[in-house]
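# Coordinate inspection notes
These are the residues of each chain, in order.
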There are 2 protein chains.
Amino acid sequence: MPVLVMKFGGTSVANLDRIRRAAKRVGVEVAKGYDVIVIVSAMSGKTNELVGWVGETSPLYDAREYDAVVSSGENVTAGLMALTLQEMGVPARSWQGWQVPLKTNDAHSQARIEEIPTDNINAKFGEGMKVAVVAGFQGISPEGRITTLGRGGSDTTAVAFAAAFEAERCDIYTDVDGVYTTDPRICAKARKLDKIAFEEMLELASLGAKVLQTRSVELAMRFKVKLRVLSSFEEQSDEAGTLVCDEEEIMESNVVNGVAYSRDEAKMTLISVADRPGIAATIFGSLSDAGVNVDMIIQNISEDGRTDMTFSCPTDQVARAEQALVAIKEQGELNYSELVADTEVAKVSVVGIGMRSQSGVAAKMFKILSNEGINIQVITTSEIKISVLIDRKYMELAVQALHDAFELDKA
Amino acid sequence: MPVLVMKFGGTSVANLDRIRRAAKRVGVEVAKGYDVIVIVSAMSGKTNELVGWVGETSPLYDAREYDAVVSSGENVTAGLMALTLQEMGVPARSWQGWQVPLKTNDAHSQARIEEIPTDNINAKFGEGMKVAVVAGFQGISPEGRITTLGRGGSDTTAVAFAAAFEAERCDIYTDVDGVYTTDPRICAKARKLDKIAFEEMLELASLGAKVLQTRSVELAMRFKVKLRVLSSFEEQSDEAGTLVCDEEEIMESNVVNGVAYSRDEAKMTLISVADRPGIAATIFGSLSDAGVNVDMIIQNISEDGRTDMTFSCPTDQVARAEQALVAIKEQGELNYSELVADTEVAKVSVVGIGMRSQSGVAAKMFKILSNEGINIQVITTSEIKISVLIDRKYMELAVQALHDAFELDKA
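Residues numbered from 1 in each chain as written. Chains lettered and ligands numbered in written order. Predicted model: local features only at pLDDT ≥ 70, side-chain atom pairs only at ≥ 80, totals over all residues. Heavy atoms only, no water.

An unreviewed UniProt entry annotates chain A as Aspartokinase originating from Tritonibacter litoralis. For the record of chain A, the UniProt heading Catalytic activity (unreviewed entry) holds the text "L-aspartate + ATP = 4-phospho-L-aspartate + ADP". The heading Sequence similarities (unreviewed entry) in the UniProt record of chain A holds the text "Belongs to the aspartokinase family." (UniProt positions renumbered as here; feature names shortened; annotations may be inferred.)

Shown next, in the form of structure tokens:
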């Protein structure tokens, strides 16, 4: 039997009615002759509640206990989904991460998948089971403790299962009906894309478009998993949603295909750092060890052998970053006069594979922002995207102005 | 190091403040030099919520999925308790049932513990860990699926750990400060007992006094585990609460030591059953196969080769019982004219080891109830208890009258 992977996010399983609705979608695919692997998130709000409790209990928590706590929401939905399918007459059972077992490394709270054995689940498919419901977001470490894959990790679970089981497609059911040129909540003219290239999606995902977890897109690109994003709240045809696919499958593309933003950015500056070889390695090595995801980096012009070093990271990692940087100062590995954190910034980016062959996009972007009186604090670019860090209060304005000026509302 | 088992029920871990309070109690015992095993329930209300969702999804649920869902609440509390202890500087980690692994049989939703290997946890104690926090109520079946031990199963988990680790004592922290002569909520004169014999506690537990799960008391009696019930809401001395112990440790005892009741009883009657050998075996065999816990049984005088058969079972098993009895009728194994369920009954019992040597207790009990105009529907007795099934609306009245007449308010 061909295998289909279907992933339902938190809003798609937010209550028993929605679980029933999702189960009906699964039933439709089973009726078409698929063996289906369903990946479920926790009911919406549940994971946040658990994360809140952990943070309140222990601000610098033991990530192994964090994982044990926050993974529990998915177990609930997996069991309820299996029961709902059974109630509909569809043979189904649930699997928790450790039962598959979905093996990961031991990087707790942001573990990476190492292996998904297919024998257990395939044996059950062989016995007539039609749907394997798997709790997303979670796995098991070499030591036998529960790991989680980071926020949005259920997308990665889904793609990894699709790769392991050589699924025909991986359908990601969510609360939006596809991938948009930008967030429709802050730009009314946002337009749904029928197709988007893996690489564009990757940039959009990593830039804060919360439709798919970055790693899930990376994984889909590497293993050529056909990925479809679609709404669980609408009747669906086979062509619904947005297909994330190879560049070659897309006939023509705009220069800029999307405007992304990220609100939860912080800018941190180390003032008056001794400018000598190895200093960047010391700083970013220690941040990496502390699990801080550094995004943009700028180093000022050096003056009298000292410089300022600025970087950005997610707002919720600021405490961790501060702790790491204070530690290396106290250990004498680094000397700086001050550490300044600015949590009032946002990142706005334009993305498009067309940029590869078209010049002047950056200049146009800077001009648009300048026309709106928005000051650019940090710039980074890649082959297919340009990102700027700006004052957070201008974020919506910047997104709207860029969407208009690049005419993203037109196909 | 001597080992102490401490179990905290749902109200004792209902929120982060209460978990902190419980953790402080654990810290006190660690400071005395104990290696502590903490067994936690789910935050109060959580398990009921999960059970409700399962029931709403699938009235005759797959017990394997039920277990996967309802066991999740304990995982949350175990992780949060470990984090709280760590935050207090006490080396601690959490274990889920399958990680211990707490091995059970495959009787899902009412599984029995088969083995608790001690090596994993003892190895960690050897490395300096002071507290193992274990999610109560759950285990793992031979097939590797999650099992649960039935409502109140965390008590059984606690006693089983105390037996396996040869703990000095098993302290059950709950929302009451000990075992009472009856429920203080319905009888203001109820008096706390300093000590109670295992056998009395067993009868009280099985009769619906919800302080301890029946099986936990059975297990404690079998393995001679010193069991103490005490409040997590009061400052505690070593003598607080009620000690459940061997009969020999109790100097003198009243004839009746407790009045128990159970509200969730149903009376079912099979009308006009053919009275021939093997019929009771057929009826109660099928009920047992269906997982119905039959309590009291009466068979009427036979007339014209037919009789009525009455039994009681928990209210929430009525649907299951009906299904089983209809099935054997349809299969031609049993013939009866009607099946009547009365869910408006309650069971009231008096318990005391003194009954063994004192006669007339039953007569006195019936007289007391008769004086109050309460009709007795079914009677059962054991060496140390007498139970009656009565109309539920008289339940409180019966308890108060019996408590008064047997002078249970006096030590």
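To continue, consider unusual backbone geometry. With an omega dihedral of -15 degrees, the bond running from A:Val100 to A:Pro101 counts as a cis peptide bond. Mapped onto the elements, A:Pro101 comes out in the loop between strand 3 (92–95) and strand 4 (103–104). (Helix = DSSP H or I, 4+ residues; strand = E, 2+ residues; numbered from the N terminus.)

Before going further, it helps to spend a moment on the UniProt feature "domain: ACT" (unreviewed entry) in chain A. Residues and elements named next belong to chain A. Mapped onto this structure's residue numbering, the UniProt feature "domain: ACT" (unreviewed entry) falls at residues 268–348 and 350–411. Along residues 268–348 the backbone is 30% helical and 37% strand, and the end-to-end C-alpha distance reaches 17 Å. Taken end to end, residues 350–411 is 35% helix and 26% strand, and its two terminal C-alpha atoms sit 16 Å from one another.

Looking now at the confidence of the model for chain A. Taken residue by residue, chain A gives an average pLDDT of 92. The fraction at 70 or more is 98%. Among the scores for the predicted complex, ipTM is 0.76 and pTM is 0.78. (pLDDT = per-residue confidence, 0-100.)

You can overlay chain B on chain A at an RMSD of 0.1 Å; the transform is a turn of 180 degrees with a shift of 0.0 Å along its axis. Such a combination of turn and shift is consistent with a two-fold rotation axis. Ranked by how close their C-alpha atoms come to the rotation axis, the residues of chain B are headed by B:Ser72, at 2.7 Å. When the interface residues of chain B are mapped onto chain A, 100% of them again fall at the interface, so both copies present the same face. (Least-squares fit on C-alpha atoms with pLDDT ≥ 70 in both. Contact = heavy atoms within 4.5 Å.)

Attention now goes to the pairing of strand 3 of chain A. Residues and elements named next belong to chain A. On strand 3, burial covers both faces: Ala92 and Ser94 on one face and Arg93 and Trp95 on the other are all buried. Summarising the sheet, strand 3 and strand 6 (residues 131–135) pair through four bridges and their orientation is parallel. If you follow serine 94 over to strand 6, its bridge partner there is valine 133. (Buried < 20%, exposed > 50% of the residue type's maximum accessible area, 1.4 Å probe, protein only. Pairing = 2+ DSSP bridges.)

So, about the pattern of salt bridges. Applying the stated rule across the entire model yields 50 salt bridges over all chains. One salt bridge connects A:Glu383 with A:Arg356, and the closest N-O pair in it is separated by 3.5 Å. Of this pair, A:Glu383 sits in the loop between strand 19 (376–382) and strand 20 (385–391) while A:Arg356 sits in the loop between strand 18 (338–351) and helix 11 (361–371), and the two are 27 residues apart along the sequence. In this structure, B:Asp194 engages B:Lys192 in a salt bridge whose closest nitrogen and oxygen atoms are separated by 3.7 Å. Residues joined in a network through salt bridges with shared partners are A:Glu199, A:Glu247, A:Arg356 and A:Glu383. (Salt bridge = Lys/Arg side-chain N within 4 Å of Asp/Glu carboxyl O.)

With that settled, consider the environment of A:Ser216. Residue and element names in this part refer to chain A. Of note, serine 216 is situated in helix 8 (residues 214–223). Judged by relative accessible area, serine 216 falls into the buried class, the value being 0%. Distance in space between the C-alpha atoms of serine 216 and valine 318 is 25 Å, their sequence separation being 102 residues. Each residue touching serine 216, except ones within four places of it in the same chain, is listed here: Asp155, Thr156 and Val159.

Moving on: the packing of helix 2 (residues 46–57) of chain A against helix 2 (residues 46–57) of chain B. Where helix 2 of chain A contacts helix 2 of chain B, the two axes come as close as 16 Å, and the packing angle between them is 165 degrees. When the axis of helix 2 of chain A is compared with that of helix 2 of chain B, the two are roughly antiparallel. In this structure, the crossing between helix 2 of chain A and helix 2 of chain B has a hand that is left-handed. Contact residues: helix 2 of chain A offers A:Lys46, A:Glu49 and A:Trp53, while helix 2 of chain B offers B:Lys46, B:Glu49 and B:Trp53. A breakdown of the residues in the contact of helix 2 of chain A with helix 2 of chain B according to their chemical character gives two nonpolar, no polar and four charged. (Axes fitted to C-alpha atoms, helices over the stretch in contact; angles between N-to-C directions. Parallel < 35°, antiparallel > 145°, perpendicular 65-115°, else oblique. Left-handed = near helix turned anticlockwise from the far one by under 90°. Nonpolar A, V, L, I, M, F, W, Y, C, P; charged D, E, K, R; others polar.)

Our focus in this paragraph is the interface of chain B and chain A. Taken together, the 39 residues of chain B in the interface contact 39 residues of chain A. Each partner contributes to the roughly 3,200 Å² buried at the junction of chain B and chain A, and carbon and sulfur atoms together form 58% of this total. Counting across the interface, chain B meets chain A through four salt bridges. The residue B:Glu143 makes a salt bridge to A:Lys124 at a minimum N-O spacing of 3.8 Å. One can count eight residue pairs in polar contact (both at pLDDT 80 or more) joining chain B with chain A. (Buried area = accessible area lost by both parts, 1.4 Å probe. Polar contact = N/O pair within 3.5 Å; in protein donor to acceptor, adjacent residues only side chain to side chain.)

Residue and element names in this part refer to chain A. Tallying each qualifying case throughout the model produces nine aromatic pairs over all chains. Judged by centre distance (5.7 Å) and plane angle (85 degrees), the ring pair of phenylalanine 284 and phenylalanine 311 falls under edge-to-face. With a gap of 27 residues between them, phenylalanine 284 in helix 9 (residues 279–289) and phenylalanine 311 in strand 17 (residues 306–314) connect regions that are remote in the sequence. Taken as a pair, phenylalanine 284 and phenylalanine 311 share a single burial class, namely buried. The side chain of arginine 93 reaches across the aromatic face of tryptophan 95, ending 3.9 Å from its centre. (Phe/Tyr/Trp six-rings, centres within 6.5 Å; stacked < 30°, edge-to-face > 60°. Lys NZ or Arg CZ within 6 Å of the ring centre and 35° of its normal.)

A word on the side chain of B:Arg145. Relative to the assigned elements, B:Arg145 resides in the loop between strand 7 (138–140) and strand 8 (146–148). A distance of 3.0 Å separates polar atoms of two side chains, one belonging to B:Arg145 and the other to B:Glu65. The residues contacting B:Arg145, other than those within four sequence positions of it, are A:Arg93, A:Ser94, A:Gln99, B:Arg64, B:Glu65, B:His108, B:Gly139 and B:Ile140.

Take the UniProt feature "binding site: substrate" (unreviewed entry) in chain A next. All names here are of chain A. Following the UniProt record, the feature "binding site: substrate" (unreviewed entry) maps to Thr47 and Glu74 here. Spanning 28 residues, the annotated positions come together in the fold, the maximum distance between their C-alpha atoms being 8.6 Å. The residue threonine 47 is located in helix 2 in this model. Residues in contact with threonine 47, not counting those within four places in the same chain, are Ala42, Val70, Glu74, Phe137 and Arg151. In this structure, glutamate 74 sits in helix 4 (residues 72–87). Not counting residues within four places of it along the chain, the set of residues in contact with glutamate 74 comprises Val40, Ser41, Ala42, Thr47, Ala135, Gly136, Phe137, Gln138 and Ser154.

All names here are of chain A. Across the sheet, six strands lie side by side as 16-17-15-18-20-19; this open sheet has antiparallel pairing. Two strands bound the open sheet, and with one partner strand each, they are strand 16 (297–299) and strand 19. On average, each strand axis in the sheet is tilted by 25 degrees relative to the strand beside it, whichever way the strands run. The strands touched by helix 11 within the sheet are strand 18, strand 19 and strand 20, with strand 20 carrying the most contacts at an inclination of about 20 degrees.

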